[in-house]
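# Tertiary structure, described
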Amino acid sequence: MITASIIGGSGYTGGEALRLLLDHPEVTVVQVTSRRRLGEYVYQTHPNLKKRTDLKFSDPENLLPVDVMFLALPHGTAQKHIARYAAAGKKIVDLSADFRLQEVKGYQEWYGAAHEAPDWLEKFTYGLPELHREQIKQASYVSGVGCNATACNLAVLPLVQAGLIELDLPLVFEVKVGSSEGGAEGNPGSHHPERSGVIRTFSPFGHRHTAEVIQESGLKQPVLTITSVDLVRGVLATAHCQVKPGTAGKDLWKAYRQAATQNPFIRIAKEKRGVYRAPEPKILAGSNYADLGFELDEKNGHLVAMCAIDNLMKGAAGSAVQCMNLMFGFDETLGLDFPGLHPI
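Rules of the game
- Residues numbered from 1 in each chain as written.
- Predicted model: local features only at pLDDT ≥ 70, side-chain atom pairs only at ≥ 80, totals over all residues.
- Heavy atoms only, no water.
- Helix = DSSP H or I, 4+ residues; strand = E, 2+ residues; numbered from the N terminus.
- Rg over C-alpha atoms; globule rule 2.2 N^0.38 Å.
- Buried < 20%, exposed > 50% of the residue type's maximum accessible area, 1.4 Å probe, protein only.
- Areas by Shrake-Rupley, 256 points an atom, 1.4 Å probe, with all protein chains shown as cover.
- Pairing = 2+ DSSP bridges.
- Core = buried A, V, L, I, M, F, W, Y, C linked by side-chain atoms within 4.5 Å.
- Contact = heavy atoms within 4.5 Å.
- Phe/Tyr/Trp six-rings, centres within 6.5 Å; stacked < 30°, edge-to-face > 60°.
- Lys NZ or Arg CZ within 6 Å of the ring centre and 35° of its normal.
- Salt bridge = Lys/Arg side-chain N within 4 Å of Asp/Glu carboxyl O.
- Expected span 1.5 Å × (residues − 1).
- Bend = angle between axes of the 7 residues up to and from the residue.

## Notes on the overall build of the protein chain
Counting secondary structure elements, the protein chain contains nine helices and 13 strands. In summary, the protein chain has a C-alpha radius of gyration of 20 Å against a globular reference of 20 Å for 344 residues, a match within 12%. Looking at the protein chain as a whole, 54% of its 344 residues qualify as buried. For the protein chain, the exposed surface amounts to about 15,500 Å²; the carbon and sulfur share of it is 51%.

Right, here's the structure in full:
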């Protein structure tokens, strides 16, 4: 058994990480911190965990030594105190954006501020196992992943790995997202009368997660257009690609099947019959699966590649626990076998 703590456990990703770790057969959670909720039972903030734990939120200034520390803090916070966290946690998984980008210049460009712990950037491995499985096994520090970036990177992963698309051509991702992406704090745009029923494009281009797509996919000119839809959990990324001349349907099937075989949480959603013939975030709520689909217009080589995930799971806490499993030599899928619900 290993010991774990969650620093900043009152938000959605912290709550999801706690839910997963409480049921993990190899983990004992010994601390969950929150300044605002100090002294309260965690189930008062995360009511789904009632009767699952009697842990109370503790002071983040009094860190317990643990085998693995999950940082679920607001962006920009972890970098200010990373040395102190590393002194208490033998291994760290940071769910924020603080250590996702490898270059100091890139962080400043996309986040509009100088990084406060630039020497730590190279110590972190990007936490998407489908791309960095072997590196994560050897890592002591792993970054989180952007939920939108994860959906985009996985949407094109089979195509990039099989060399079926040109990396230097422009590629547009239309990304539809649920309201939980906004976090637990809320803002005027997430107020229910304003958010309910919307189809609202709030980032036509220039979203920060674009940097992760460039860094991890190798695409030179990706554009992410982010649209809010009337959904709580979920991301659906739809990529419009041009395949290389001579690429046929059988080549795509080979690439997608290989990706699904190599990665336990990648599934192919491409059916000729039924309601769920293409990737659909709805049935992935609470699961760590990524459903991938594609359609090719063989007349002109236009390919539509799709990926659906739960933004709080595969796009955050689920991938974080998957990384922890790899870091400690556990089965990669341990504690992550919930398949989602149907109907829901």
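Further notes follow.
## Quick notes on the pairing of strand E10 (residues 235-242)
In regular strands, side chains alternate between the two faces of the sheet. Counting buried positions over the eight residues of E10 gives six, a clear majority of the element. One ladder, built from six bridges, connects strand E7 (residues 170-177) with E10; its direction is antiparallel. Of the residues in E10, the one forming a bridge with Phe-173 is Ala-239. Alignment of E10 against strand E13 (residues 302-309), held across eight bridges, turns out to be antiparallel. Bridge assignment links Gln-242 to a residue of E13, and that residue is His-302.

## Digging into the nonpolar core
Formed by 40 residues in total, the largest nonpolar core has its most connected members in Leu-159 and Phe-173. Taken together, the elements giving at least two residues each to this core come down to helix H5 (147-161), E7, strand E9 (221-229), E10, helix H8 (249-262), strand E12 (290-297) and E13. For this core, the leading source of residues is H5, giving nine residues. Leu-159 has contacts with Leu-164, Ile-165, Cys-241, Leu-252, Tyr-256, Leu-303 and Ala-305, leaving out every residue within four places of it along the chain. Val-42, Leu-55, Leu-236 and Ala-320 belong to the second-largest nonpolar core, a separate cluster that totals 37 residues.

## What to know about the packing of aromatic side chains
For the coordinates displayed, the defined rule picks out nine aromatic pairs. An angle of 10° between the planes, with centres 5.1 Å apart, marks the rings of Tyr-41 and Tyr-43 as stacked. Pairing Tyr-107 with Tyr-111 gives two aromatic rings, centres 4.9 Å apart and planes at 15°, and the pair type is stacked. Of this pair, Tyr-107 and Tyr-111 are both found in helix H3 (residues 104-111), four residues apart, which corresponds to roughly one turn of the helix. Site record: aromatic cluster; members linked through ring pairs are Phe-99, Trp-120, Phe-124 and Tyr-141. Sitting over the face of the ring of Trp-120, Lys-123 holds its NZ or CZ atom 4.0 Å from the ring centroid. The ring of Phe-294 has Lys-270 lying over it, and the distance from NZ or CZ to the ring centre is 4.8 Å.

## Quick word on the pattern of salt bridges
Enumeration over the complete set of coordinates arrives at 15 salt bridges. When the shortest N-O distance is used, the salt bridge between Glu-134 and Lys-137 registers 3.2 Å. Of the two residues, Glu-134 and Lys-137 are both situated in helix H4 (residues 129-138); the distance of three residues between them amounts to about one turn of the helix. The residue Glu-295 makes a salt bridge to Lys-270 at a minimum N-O spacing of 2.8 Å. Taken together, the residues Glu-295 in strand E12 and Lys-270 in the loop between strand E11 (266-268) and E12 connect sequence positions 25 residues apart. Counted as one network, the salt bridges with shared partners bring together Glu-16, Arg-19, Arg-233 and Asp-310.

## A short note on the sheet that holds strand E1 (residues 2-7)
With parallel pairing, six strands are arranged side by side in an open sheet as E3-E2-E1-E4-E5-E6. Among the strands making up the open sheet, the edge pair consists of strand E3 (57-58) and strand E6 (141-143). Pairing of strand E5 (residues 89-94) with E6, which is carried by three bridges, proceeds in the parallel orientation. Looking across to E6, one finds that Val-93 is bridged to Val-142.

## Focus: the environment of Pro-47
Among the structural elements, Pro-47 can be located in the loop between strand E2 (27-33) and E3. Expressed as a C-alpha distance, the spacing of Pro-47 and Ala-255, which sit 208 residues apart in the sequence, is 42 Å.

## Quick word on the environment of Gln-108
With respect to the helices and strands, the residue Gln-108 is situated in helix H3. Residue classification places Gln-108 among the partly exposed positions, given a relative accessible area of 43%. Once the C-alpha coordinates of Gln-108 and Leu-167 are considered, the two residues, 59 residues apart in sequence, prove to be 24 Å apart. For Gln-108, the residues in contact, after removing those within four places along its chain, are Ala-113 and Ala-114.

## Focus on H5
Between its first and last C-alpha, H5 extends 21 Å over 15 residues, near the 21 Å set by a 1.5 Å rise per residue. When the local axis directions of H5 are compared, the greatest deviation, roughly 35°, occurs at Ala-155, which is followed within four positions by the proline Pro-158. In the stretch just after H5, Gly-163 is the one whose phi turns positive, near 65°.

## Some remarks on the side chain of Thr-225
As for its placement among the helices and strands, Thr-225 is situated in strand E9. Not counting residues within four places of it along the chain, the set of residues in contact with Thr-225 comprises Phe-173, Glu-174, Val-175, Thr-201, Ser-203 and Pro-204.

## Notes on the pairing of E9
Counting buried residues in E9 gives seven out of nine residues, a clear majority hidden from the surface. Examined bridge by bridge, E7 and E9 share eight bridges and lie parallel to one another. Across the sheet, residue Leu-171 finds its bridge partner in E9, namely Pro-222. Two strands pair when backbone bridges link them, and strand E8 (residues 199-203) and E9 are joined in this way by four bridges, in the antiparallel orientation. Paired with Ser-203 across the strands is Ile-226, a residue of E9.

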